[in-house]
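What the coordinates show
Here is what each chain is made of, one letter per residue.
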Amino acid sequence: MKNTKHLVLISSTRIIISLILGSSFKTAFEHLNSIKITGSAKKDFLADIIIWEGSFSTKNMKLEEAYEKLDLDKNYIISYLSKNNVPFEDAVFSSINIKKLYKNKTDRDGIRTKEFDGYLLTQDYKIESNAVDEIEHLSRDITSLIDKGLEIQSNAPYYFYSKLSDLKIDMISEATRDAKVRAEKIAENSNSGLGKLLNAQMGVFQITAKHSTERYTWGGTHNKTSRDKTAHVTMKLTYDVQ
């Protein structure tokens, strides 16, 4: 009875091993009869949207006068944009932030107190426009606003591309064609024929400043600070070999 159990166990083990070896052999055979190749596409493009953000502020002991001054500054900015061919609807102004200011004061007895020092009113602005040249110039020329008595802080502009989705589709097609041409060459040089496509995997898009040394990242780089950009993408294809 024991010998019978051992025989059954040995037979079952052999069957399992045969199945595993058979599956491994099949996988290895399929691997040897396929080509894995990576194609790529690279394209330079110019951003056609600019976003410029900043803030302006004023300080006054009287809240009403501070409001009036900030409103004058806002109207001057709007007029300044209009004179430079930037549409009014491209500018968005935030709500006004009000902050009470205090200064430290020490009396003759050395007792320190806080004394009201006025109101600080701040308003943010955001300009999103297709007038890239005009906004780019204005962002670098805020001294003309400062000369008019505006207390303004300007951030470096960001640049975007409105047709990025179309660009990505074109680049995917180009990278796919590049991979197929490479696979055909490999098959031709090995006296084989290229069969059907077994698998396709797209890499992440990398958008960097043109002629820059920015590094690619696993999640994809998207440069926002340069107007001149370069996009790069890869396609990994697996073909059957005949």
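Residues numbered from 1 in each chain as written. Predicted model: local features only at pLDDT ≥ 70, side-chain atom pairs only at ≥ 80, totals over all residues. Heavy atoms only, no water.

A few points about the pairing of strand β2 (residues 49-60)
Among the 12 residues that make up β2, nine are buried, leaving the element largely enclosed by the rest of the structure. Both β2 and strand β7 (residues 158-160) contribute to a ladder of three bridges, which runs antiparallel. In the strand pairing of β7, Ile 51 is matched with Tyr 158. Where β2 meets strand β5 (residues 112-129), 11 bridges bridge the pair, whose relative direction is antiparallel. Bridge pairing in β5 links Lys 59 to Leu 120. Across four bridges, β2 lies against strand β6 (residues 151-154) in antiparallel orientation. (Buried < 20%, exposed > 50% of the residue type's maximum accessible area, 1.4 Å probe, protein only. Helix = DSSP H or I, 4+ residues; strand = E, 2+ residues; numbered from the N terminus. Pairing = 2+ DSSP bridges.)

Thoughts on the confidence of the model for the protein chain
Where the model shows low pLDDT, its predicted coordinates should not be examined in detail. For the protein chain, the average pLDDT comes to 87, and 87% of its residues sit at 70 or higher. The element-level mean pLDDT for the protein chain is lowest in helix α1 (residues 2-32), coming to 47, with β7 highest at 97. Across residues 17-31 the pLDDT falls below 50, and counting only partners more than four positions away or on other chains, this stretch makes zero contacts in the model. (pLDDT = per-residue confidence, 0-100. Contact = heavy atoms within 4.5 Å.)

Comments concerning helix α2 (residues 63-83)
For α2, with 21 residues, the first-to-last C-alpha span of 30 Å sits near the 30 Å given by 1.5 Å per residue. Along α2, the positions that sit buried rather than exposed are Ala 66, Leu 70, Asp 73, Ile 77, Tyr 80 and Leu 81. The arc that holds the buried residues of α2, viewed along the axis, is 100°, so those residues lie on one side. Among the exposed residues of α2, those oriented more than 90 degrees off its buried face are Glu 64, Leu 72 and Lys 83. Looking at the buried positions of α2, the neighbouring elements they touch are β2, β3 (91-93), β5, α3 (132-139), α4 (143-146) and β6. A positive backbone phi angle near 65° is found at Asn 85, which sits one or two residues after α2. (Expected span 1.5 Å × (residues − 1). Arc of directions from axis to C-beta.)

Re the pattern of salt bridges
Across all of its chains, the model carries eight salt bridges by this definition. Note that Asp 117 is salt-bridged to Lys 59, the shortest N-O span being 3.0 Å. Of this pair, Asp 117 sits in strand β5 while Lys 59 sits in strand β2, and the two are 58 residues apart along the sequence. Looking at Lys 59, the relative accessible area reads 42%, which means it is partly exposed. The salt bridge involving Glu 115 is made with Lys 103; its shortest N-O contact spans 3.7 Å. Taken together, the residues Glu 115 in strand β5 and Lys 103 in strand β4 (residues 97-106) connect sequence positions 12 residues apart. A relative accessible area of 40% means that Lys 103 is categorised as partly exposed. Among the ionic contacts, a cluster of salt bridges with common partners joins Asp 133, Glu 136, Arg 140 and Arg 227. (Salt bridge = Lys/Arg side-chain N within 4 Å of Asp/Glu carboxyl O.)

Structural notes on the side chain of Asn 223
Within the secondary structure, Asn 223 sits in the loop between β9 (206-209) and β10 (228-241). Of note is the side chain of Asn 223, whose polar atom sits 3.0 Å from the side chain of Glu 214. A polar contact is formed between the side chain of Asn 223 and the backbone nitrogen of Ser 226, at a distance of 2.9 Å. The residues touching Asn 223, leaving out its near neighbours within four places in the chain, are Tyr 159, Ile 207, Thr 208, Ala 209, Glu 214 and Lys 229. (Polar contact = N/O pair within 3.5 Å; in protein donor to acceptor, adjacent residues only side chain to side chain.)

Structural notes on the environment of Leu 63
For Leu 63, the location among the structural elements is in helix α2. Judged by relative accessible area, which is 29%, Leu 63 ranks as partly exposed. Contact partners of Leu 63, with chain neighbours within four places excluded, come to Ile 98, Tyr 119 and Leu 121.

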